[in-house]
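So you can see what is in the structure, the chains are spelled out below.
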Amino acid sequence: DAGVIQSPRHEVTEMGQEVTLRCKPISGHDYLFWYRQTMMRGLELLIYFNNNVPIDDSGMPEDRFSAKMPNASFSTLKIQPSEPRDSAVYFCASSPAGDRKTQYFGPGTRLLVL
Amino acid sequence: QQPVQSPQAVILREGEDAVINCSSSKALYSVHWYRQKHGEAPVFLMILLKGGEQMRHEKISASFNEKKQQSSLYLTASQLSYSGTYFCGTGVYNAGNNRKLIWGLGTSLAVNP
């Protein structure tokens, strides 16, 4: 299995630009999570999906952030417009159904907004 | 709501032991332990469920005290490969939303030769 795939791995953009992060979960996993990691706040859950349906988006910072999961094998996290405080590592993770709830993380996207 | 991990950082010599603690103010039904190496993704180590047994991953074991809402990670005879940041993710009782984990800020572990 290829694991969770994220792209791009690195993104440098200027303030005000739109940023789109992409994620392909592990095949067969029912849950997909988007996290943001910073030194100050640690790992923060932004949103998670179950069978392509958003379940909890309470961690999405504000209207500038949006996430979609059009099918079981693809999800996007969009920031529009981007701001310097959005600079962080964004992780996507997926999890199979069942009691153990283990989450498998992708390699992350390092975002720098200038 | 975020669990508190202690210590924040620890430095060991190869072969020494360490204990990392994770404490929550909320009632927990599960605790997940992950290790993250610099520049990499968090990697799953083990999960402890309410009413479950102590778990082990190689020479790393963990316990879960449900009454105290605490979990401890025990690293024995540490190896250089154990270096990294250890995170606990807690499953908090929340009707209808039991997939969400709340993460601690991590414990940085450095194992030196």
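Our subject is the structure that appears above.
Okay, so let's go over this structure.

Residues and elements named next belong to chain B. Residues Ala18, Ile20 and Cys22 of strand E3 (residues 18–23) are buried on one face, while the alternating residues Val19, Asn21 and Ser23, pointing to the opposite face, are not. Bridge count for strand E1 (residues 4–6) against E3 is 3 bridges, and the pairing is antiparallel. Within E3, the residue paired with valine 4 across the bridge is serine 23. Pairing of E3 with strand E8 (residues 70–75), which is carried by 6 bridges, proceeds in the antiparallel orientation. Each residue of the ladder has a partner; that of cysteine 22, found in E8, is serine 71.

All right, on to the packing of aromatic side chains then. The final tally for this structure, using the stated rule, is 10 aromatic pairs over all chains. Taken together, a centroid distance of 6.3 Å and an interplanar angle of 20° make the contact between phenylalanine 33 of chain A and tyrosine 35 of chain A stacked. Owing to a relative accessible area of 1%, phenylalanine 33 of chain A belongs among the buried residues under this scheme. Overall, tyrosine 35 of chain A belongs to the buried group, its relative accessible area being 0%. Consider the rings of tyrosine 34 of chain B and phenylalanine 44 of chain B, whose centres lie 5.6 Å apart with planes at 70°: the pair is edge-to-face. Remark: phenylalanine 44 of chain B occurs in strand E5 (residues 43–49) and tyrosine 34 of chain B occurs in strand E4 (residues 28–36); sequence separation between them is 10 residues. Linked through ring pairs, Tyr31, Phe33, Tyr35, Tyr48, Phe91 and Phe105 of chain A together with Tyr34, Phe44 and Trp103 of chain B together constitute an aromatic cluster. The lysine or arginine in question, arginine 99 of chain B, covers the ring of tyrosine 31 of chain A, its NZ or CZ lying 4.0 Å from the ring centre.

Criteria and cut-off values
Starting afresh in each chain, residues are numbered from 1 along the sequence in its written order. Numbering of ligands from 1 and lettering of chains from A proceed in the order in which they are written. Only residues with pLDDT of 70 or above have their local features reported here, since the model is predicted, and side-chain atom pairs are shown and tallied only from 80 upward, although totals for entire chains, interfaces and linings are computed over all residues. Side-chain measures here rest on the full set of heavy atoms in the structure, leaving out hydrogens and waters. For the exposure calls, accessible area comes from a 1.4 Å probe over protein chains only, and a residue counts as buried if that area is under 20% of its type's maximum, exposed if over 50%, partly exposed in between. Only runs of H or I of at least four residues qualify as helices and only runs of E of at least two qualify as strands under DSSP, and these elements are numbered from the N terminus. Pairing between strands requires that DSSP locate at least two bridges from one strand to the other. When two rings of Phe, Tyr or Trp (its six-membered ring) have centres within 6.5 Å they constitute a pair, described as stacked for plane angles under 30 degrees, edge-to-face for angles over 60, and tilted for the intermediate range. Two thresholds decide whether a charge sits over a ring: the Lys NZ or Arg CZ must be within 6 Å of the ring centre and within 35 degrees of the ring normal.

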